Amino acid sequence: SQFWLCITTIHMTSNKNIPFSNYQHVLALAFAIQEINKDPHLLPNITLGFHIYEDNLYGSMAQDVSVSLLSSRGKMFPNYKCDTQDNLLSVLGGLSSKISYQMATIFASFFSLSPSSFQLGYRFCDPVLSDKSQFPTFYQIDPQYHLQNAAIVQLLLYFQWNWIGIVVPTSENIEHFLQMLTATLAQNDICIHFVEYIRFRISIFNDLQGNQIDVLWAILNSNAQVVIVSGDATTLQSLIITLSHYEEENHTSSGKVWILTTQWEFSAFGYHYEWGKLKTLHGALSLTVHTNPVPGFKDYLWALNPHEPHGDVFLPSWWEVVFDCEVLKAGLASPDGRKVCTGEENLDTLPPSVFDGKMTGFSYSVYNAAYSVAHALHTAYTWESQQALKRNRKKPCLQMSVKNTLFNNTAGEEVSFSESGMKYAGFDILNWVVFANMTILRQKVGWVDLEAPSAEGFTQCIRCPEDQHPNKNHILCIPKTLNFLSYEDTLGFILVSLALVFSSVTILVLTAFIKHHNTPIVKANNRDLTYILLVSLLLCFLCSFLFIGQPRKLTCLLRQSTFGIIFSTAISSVLAKTLTVVLAFMATKPGNRARKFLGKQLIVILACPLVQTALCASWLTISPPFTNLDFCSVKGEIVMECNEGSTTMFYAVLGYMGFLSLVSFIVAFLARKLPDSFNEATFITFSMLVFCSVWISFLPTYLSTKGKSMVAVEIFSILASAAGLLSCIFLPKCYIIVLRPDLNNRSHLMGKVK
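About the cut-offs
- Residues numbered from 1 in each chain as written.
- Predicted model: local features only at pLDDT ≥ 70, side-chain atom pairs only at ≥ 80, totals over all residues.
- Heavy atoms only, no water.
- Helix = DSSP H or I, 4+ residues; strand = E, 2+ residues; numbered from the N terminus.
- Buried < 20%, exposed > 50% of the residue type's maximum accessible area, 1.4 Å probe, protein only.
- Contact = heavy atoms within 4.5 Å.
- Axes fitted to C-alpha atoms, helices over the stretch in contact; angles between N-to-C directions.
- Left-handed = near helix turned anticlockwise from the far one by under 90°.
- Nonpolar A, V, L, I, M, F, W, Y, C, P; charged D, E, K, R; others polar.
- Core = buried A, V, L, I, M, F, W, Y, C linked by side-chain atoms within 4.5 Å.
- UniProt positions renumbered as here; feature names shortened; annotations may be inferred.
- Pairing = 2+ DSSP bridges.
- Phe/Tyr/Trp six-rings, centres within 6.5 Å; stacked < 30°, edge-to-face > 60°.
- Lys NZ or Arg CZ within 6 Å of the ring centre and 35° of its normal.
- Parallel < 35°, antiparallel > 145°, perpendicular 65-115°, else oblique.
- Salt bridge = Lys/Arg side-chain N within 4 Å of Asp/Glu carboxyl O.
- Patch = residues over 30% accessible without salt bridge, like charges linked within 9 Å, V, L, I, M, F, W, Y side chains within 5 Å.
- Areas by Shrake-Rupley, 256 points an atom, 1.4 Å probe, with all protein chains shown as cover.
- Disulfide = S-S within 2.5 Å.
- Polar contact = N/O pair within 3.5 Å; in protein donor to acceptor, adjacent residues only side chain to side chain.

**With respect to the overall build of the protein chain**
In terms of regular secondary structure, the protein chain is built from 22 helices and 19 strands. Counting across all 754 residues of the protein chain, residues that qualify as buried make up 50%. For the protein chain, contacts bridging at least 24 residues in sequence account for 71% of all contacts bridging at least 6.

**Digging into the environment of Arg-199**
Within the secondary structure layout, Arg-199 lies in the loop between β7 (191-198) and α6 (210-220). Looking at Arg-199, the relative accessible area reads 42%, which means it is partly exposed. Separated by 13 residues in sequence, Arg-199 and Gln-212 place their C-alpha atoms 7.4 Å apart. Not counting chain neighbours up to four residues away, the residues in contact with Arg-199 comprise Thr-170, Asn-211, Gln-212 and Ser-238.

**As for the packing of helix α4 (residues 145-159) against helix α5 (residues 174-187)**
At a minimum axis separation of 10 Å, α4 and α5 run at an interaxial angle of 35 degrees. Two packed elements cross with a definite hand, and for α4 against α5 that hand is right-handed. Contact residues: Tyr-145, His-146, Gln-148, Asn-149, Val-153 and Leu-156 in α4; Phe-177, Met-180, Leu-181, Thr-184 and Leu-185 in α5. In terms of residue class, the contact of α4 with α5 is made up of 7 nonpolar, 4 polar and no charged.

**So, the nonpolar core**
Judged by nonpolar contacts, the single largest core of 87 residues is most densely connected at Leu-120, Leu-156, Trp-318 and Trp-319. With 12 residues, helix α10 (residues 361-380) is the largest single contributor of residues to this core. Within the second largest apolar cluster, 60 residues are counted, among which are Met-657, Val-667, Ile-684 and Cys-734.

**Examining the UniProt feature "transmembrane region" (unreviewed entry) in the protein chain**
Per the UniProt annotation, the sites labelled "transmembrane region" (unreviewed entry) are residues 491-514, 529-549, 561-585, 597-620, 649-671, 683-703 and 715-738. Secondary structure across residues 529-549 divides into 67% helix and 0% strand, with the first and last C-alpha atoms of the span separated by 33 Å. This span, residues 715-738, is 100% helix and 0% strand, and a straight line between its end C-alpha atoms measures 31 Å.

**Let's talk about the environment of Ser-66**
In this fold, Ser-66 is placed in helix α2 (residues 62-69). A relative accessible area of 0% means that Ser-66 is categorised as buried. Between the alpha carbons of Ser-66 and Thr-105 there is a distance of 9.6 Å; along the sequence they are 39 residues apart. Apart from the residues lying within four places of it in its own chain, the contact partners of Ser-66 are Met-103, Ile-106 and Phe-107.

**Regarding the sheet that holds β7**
The 7 strands lie next to each other as β7-β6-β8-β9-β10-β13-β14, forming an open sheet whose pairing is mixed. What marks the edges here is a single partner per strand, and that holds for β7 and β14 (440-449). Adjacent strand axes in the sheet meet at a mean angle of 25 degrees, parallel and antiparallel pairs treated alike. The sheet contact formed by strand β9 (residues 257-260) and strand β10 (residues 285-289) spans 2 bridges and is parallel. Following the sheet pairing, Leu-260 is matched in β10 by Ser-286. Packed on one face of the sheet, α4 meets β6 (163-169), β8 (226-229), β9, β10, β13 (426-434) and β14 and runs near 150 degrees to β10.

**Regarding the packing of aromatic side chains**
Under the defined criterion, the tally for this structure stands at 25 aromatic pairs. Considering the side-chain rings of Phe-502 and Phe-541, the 5.3 Å spacing of their centres and the 25 degrees angle between planes classify their relative orientation as stacked. Taken as a pair, Phe-502 in helix α14 (residues 490-515) and Phe-541 in helix α16 (residues 527-542) lie far apart in primary sequence, 39 residues in all. The class for Phe-502 is partly exposed, based on a relative accessible area of 25%. Put simply, the rings of Phe-563, Phe-567, Trp-619, Phe-650, Tyr-651, Phe-691, Trp-695, Phe-698 and Tyr-702 touch in pairs and so form one group of aromatic residues. Seen from the ring of Trp-302, Lys-298 lies directly overhead, with NZ or CZ sitting 5.3 Å from the centre.

**A look at unusual backbone geometry**
The backbone of Gln-160 sits at a positive phi, close to 60 degrees, despite the residue not being glycine. Within the secondary structure layout, Gln-160 lies in the loop between α4 and β6. One non-glycine residue with positive phi stands out, namely Asp-189, at about 60 degrees. Structurally, the position occupied by Asp-189 is in the loop between α5 and β7. Using a relative accessible area of 62% as the deciding quantity, one classes Asp-189 as exposed.

**Considering the packing of α14 against α16**
Two numbers describe how α14 lies on α16: the axes approach to 9 Å, and their chain directions differ by 165 degrees. Considered as vectors, α14 and α16 are oriented roughly antiparallel to each other. Crossing angle aside, the handedness with which α14 passes α16 is left-handed. Residues Ala-499, Phe-502, Ser-503, Thr-506, Ile-507, Val-509, Leu-510, Phe-513 and Ile-514 of α14 form the contact with α16, whose participating residues are Thr-530, Tyr-531, Leu-534, Val-535, Leu-537, Leu-538, Phe-541 and Leu-542. Residue classes in the contact of α14 with α16 are distributed as 14 nonpolar, 3 polar and no charged.

**What about the pattern of salt bridges?**
One pass over the full model with this rule turns up 4 salt bridges. Asp-324 is paired through a salt bridge with Arg-338; the nearest N and O atoms lie 3.7 Å apart. Here the residue Asp-324 occupies a position in the loop between α9 (314-323) and α10, and Arg-338 occupies one in the loop between α9 and α10, the gap between them amounting to 14 residues. Given the relative accessible area of 54%, Asp-324 is considered exposed. Arg-338 gets classed as partly exposed once you look at its relative accessible area, which sits at 28%. Here Lys-708 makes a salt bridge to Asp-489, at a shortest N to O gap of 3.3 Å.

**A look at a nonpolar patch on the surface**
A surface patch of nonpolar side chains, about 390 Å² in accessible area, is lined by Leu-662, Ile-666, Phe-669 and Leu-670. Within the element layout of this structure, Phe-669 appears in helix α19 (residues 647-670). Here Phe-669 falls in the partly exposed class, since its relative accessible area comes to 37%.

**Side note on the environment of Thr-379**
Structurally, Thr-379 can be placed in helix α10. For the pair Thr-379 and Leu-398, spaced 19 residues apart in the sequence, the C-alpha separation amounts to 8.3 Å.

**Regarding the state of the cysteines**
Taken as a whole, this structure holds 2 disulfides when the rule is applied. With a sulfur-sulfur separation of 1.9 Å, Cys-325 is cross-linked through a disulfide to Cys-341. In this structure the cystine formed by Cys-325 and Cys-341 twists about its S-S bond by roughly 100 degrees; its chirality is therefore right-handed. With Cys-325 in the loop between α9 and α10 and Cys-341 in the loop between α9 and α10, the pair connects residues that are 16 residues apart, well separated along the chain. Each of the two residues, Cys-325 as well as Cys-341, counts as buried. A disulfide bridge connects Cys-556 with Cys-642, and the sulfur atoms are separated by 1.8 Å. On the sign convention where negative is left-handed, the bridge of Cys-556 and Cys-642, at about -75 degrees about the S-S bond, is left-handed.

**What about the side chain of Asp-312?**
Tracing the chain through its elements places Asp-312 in the loop between α8 (297-302) and α9. What makes Asp-312 buried here is its relative accessible area of 16%. Side chain to side chain, Asp-312 and Tyr-23 meet in a polar contact 2.6 Å long. Polar contacts involving the side chain of Asp-312 include one to the main-chain amide nitrogen of Phe-314, which spans 3.0 Å. Leave out the neighbours within four places in its chain, and Asp-312 touches Tyr-23 and Leu-27.

Here it is, written out as structure tokens:
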């Protein structure tokens, strides 16, 4: 089966200076229908479609459209539909009380005879449409005014504003809204200083008219703290232009606090040049229909392509207006030299006043309304309804089904209907920030939950997204800064400088040992082991650069493994040097077999790092490190870090290094009292004592820090432990080689041996 929804009063204009207003409503409806038709459980074997009808600003087309919907295609005979292909399910419209009333008047008698159809529309402040005896098939999808009035009162009471002014458009039903609002204000001891009616009347030169000047002076001459502005965007644009003219001429603002009602449709203003200059609305508060992010909607928007509109006749024209280009067939050039639309233009570059990537309040209502129709149809076509249909041979009663509609939408919120229409429990509160670069930010700063107790329904804060944090006044969410140890940071610069200094010193020591490789002090300490240890220490200093800078996938994979293997090689070299001292001393004893092991110390240098290499290979295979964004550890910052993957393997690598250093320390400590010709063991003992002290203090410090401080602690430990080995083992020898060459002889080294 195929059913159709009709949506009308989507005000679309071809004016090139102002983009199509309310276009997001169309996209929200199309997205909802697409989702519904893809859902195998909601309406199996039933396809929903929709027609969109354009309406002008004055609603003159509403009657013609309404009559055409009740007739066969191409004919104007209401309630005589000779074809069965167009099964009209519901009409969604209009977007103003006047047009909703015109449509409801026509549909009232015909839909009451056809329980399979109904109208979902906006009532605004028209009390007549609430009369079910006259309009039994009309259901409103905007919040009822008494709910909005209660929300406004809560906002005023919260800030203790009790002296206000009101600006409303001139319309037939505005008096009912004012009666409801003033009664609610009076009950809460809030006084009204003035009520001004504004007419939308702007000349082609944007000159101010008499009514607008009167409204302006009433606002400026009033000592009211707050001005409540109600009305749709088309009418209220007149007020904006009036205030903008005043501000430009006098270089000042009105100094009022503005509270804007839910009828403000932000995207309806488009590219209006006054927006960027209008400082009056800076800091304004607006009530909007509560919304939640709808999964998949942004992806749907970003997939739009004017060259493949898929039946959307508005898309190419809208695309041309907002991106200032021309949609042409492939290979054609614009005859007037205009830029040609590629279809890959970025919607992110459009200001929110032109197109908001987030679903607005009214669009959210349209989205929920479409799903409500689908759920009503689903309810009507359950097994019980099918049985009743067979017995009575009547169409399912969708009107009864929509009254009882209750479901959770894809955003996770409950949607339900009552006798009058869609239920609304609360409103979002937005704070307007007007920037000098002609952009406006509307930041959600709170909400009003009318079903909660008064103490809980308004003083609650909105949690900022995880990539943002509140400003000092806790009224805006601002982007968090990135946290990683960069070369530009003072701490990063100091660590880089230390690494370079120690690397340079290591190179100088290695150069000195190579230059004096035939001297007794170099020969006595095993030249090969000395060279291996110095190269290992040089690499230890250089590997600290893997920890500095923005974490990347490759550096995250390499840095801990590289550090572990190089340090294991350095410690193994120290262990081998210690064993050399012990074996050399033991070889001097008669009959001792230790002499045959001399020269075999390279096995230690190869075997010990090999175990560490196996551990690191297992780590990278089982659970390798990866880049990660931590939004919670550091307040106001996003920590860019390398997640170690497996903490067990990380501590296994550190533990193995600790084991090697402990063995080296024990062996060196036991050999420290050997004769003076073999006193390198004493220096090794001190070096391993420094090494172990650094890494023992590393663990608690590392675990107690976050962000770049944690990385800095590990770099400092690397530099300090390597510098300890370098200084304790090699500085005494360098002192003799460079400053006391007279001591660099065999007689001095063997002088005290008895």
